[in-house]
Amino acid sequence: MTPTCTSHVVLVLPRLIYVVILILLFSLLNLWKWFPRETASAPSGAKSTFWSFNFHMCFMILAWTVFATEGVLAYATWERSSFICGQPTRHSRVKVIHASLNFICAVMTAMGLLAIFQNHAVKEIPPLYSAHSWLGIITASLTFIAAPAGT
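Because the structure is predicted, anything quoted here is derived from the model rather than measured. (Residues numbered from 1 in each chain as written. Predicted model: local features only at pLDDT ≥ 70, side-chain atom pairs only at ≥ 80, totals over all residues. Heavy atoms only, no water.)

### Some details on the confidence of the model for the protein chain
- Overall, the predicted model of the protein chain reaches an average pLDDT of 75, with 67% of residues at or above 70.
- Within the protein chain, the lowest mean pLDDT, 66, falls on helix 1 (residues 5-29), and the highest, 89, falls on helix 4 (residues 131-149). (pLDDT = per-residue confidence, 0-100. Helix = DSSP H or I, 4+ residues; strand = E, 2+ residues; numbered from the N terminus.)

Here's what the structure looks like:
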């Protein structure tokens, strides 16, 4: 039995709607974090680095919950479906989608790491002082090592 046009769209459309809504909601809910504020604890009256800490959370959540997940699931969904009825998505195109989503994840991870290192430098906190930071560096390193290998 040949899949119909609607069965192709049914596989992909809910996930795309989910991703778009998740990014929009996350952006709107975190809009206030993009503006630095003055705080009493900021060194020598400088602007607080509260915003850079929030950049870390924002980039890491988007990188790992949206782009990495969608990158991994690209093969499971995109090869079996298509937006163009009757034309299945080619494996080479799915590879490009997979690589693009994982590249975006890697870039956002790097930006999140830069934000937290900046935050720690301004607050004079050692950069790698907790298990969370070490696990994050290990995870990011393994991601950056695996990316050129295509695995």
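### Focus: a nonpolar patch on the surface
- On the surface, W134, L135, I138, L142 and I145 cluster together to form a nonpolar patch covering roughly 560 Å² of accessible area.
- Take W134: it is sitting in helix 4. (Patch = residues over 30% accessible without salt bridge, like charges linked within 9 Å, V, L, I, M, F, W, Y side chains within 5 Å. Areas by Shrake-Rupley, 256 points an atom, 1.4 Å probe, with all protein chains shown as cover. Salt bridge = Lys/Arg side-chain N within 4 Å of Asp/Glu carboxyl O.)

### Side note on helix 3 (residues 91-122)
- When the terminal C-alpha atoms of helix 3 are compared, their 47 Å separation across 32 residues agrees well with the 46 Å that a helix rising 1.5 Å per residue should span.
- Following helix 3 by one or two positions, E124 adopts a phi angle in the positive range, close to 55 degrees. (Expected span 1.5 Å × (residues − 1).)

### As for the nonpolar core
- Judged by nonpolar contacts, the single largest core of 18 residues is most densely connected at L62, V66, F67, W78, I97, C105 and M108.
- Listing elements by their share of this core, those giving two or more residues are helix 1, helix 2 (50-78) and helix 3.
- Per-element accounting of this core gives the leading share, ten residues, to helix 2. (Core = buried A, V, L, I, M, F, W, Y, C linked by side-chain atoms within 4.5 Å. Buried < 20%, exposed > 50% of the residue type's maximum accessible area, 1.4 Å probe, protein only.)

### Side note on the environment of Q118
- On the secondary structure map, Q118 appears in helix 3.
- It is 9.9 Å that separates the C-alpha atoms of Q118 and H56, two residues lying 62 residues apart in sequence.

### Considerations on the packing of aromatic side chains
- Tallying each qualifying case throughout the model produces one aromatic pair.
- Consider the rings of F55 and F59, whose centres lie 5.7 Å apart with planes at 15 degrees: the pair is stacked. Here the residue F55 and the residue F59 both occupy positions in helix 2, the gap between them amounting to four residues, near one helical turn. Summarising the burial analysis for this pair, F55 and F59 share the class buried. (Phe/Tyr/Trp six-rings, centres within 6.5 Å; stacked < 30°, edge-to-face > 60°.)

### Observations regarding unusual backbone geometry
- Although it is not a glycine, E124 sits at a positive phi angle of roughly 55 degrees.
- Within the secondary structure, E124 sits in the loop between helix 3 and helix 4.
- A residue is classified by how much of its surface remains accessible, and E124, at 72% relative accessible area, is exposed.

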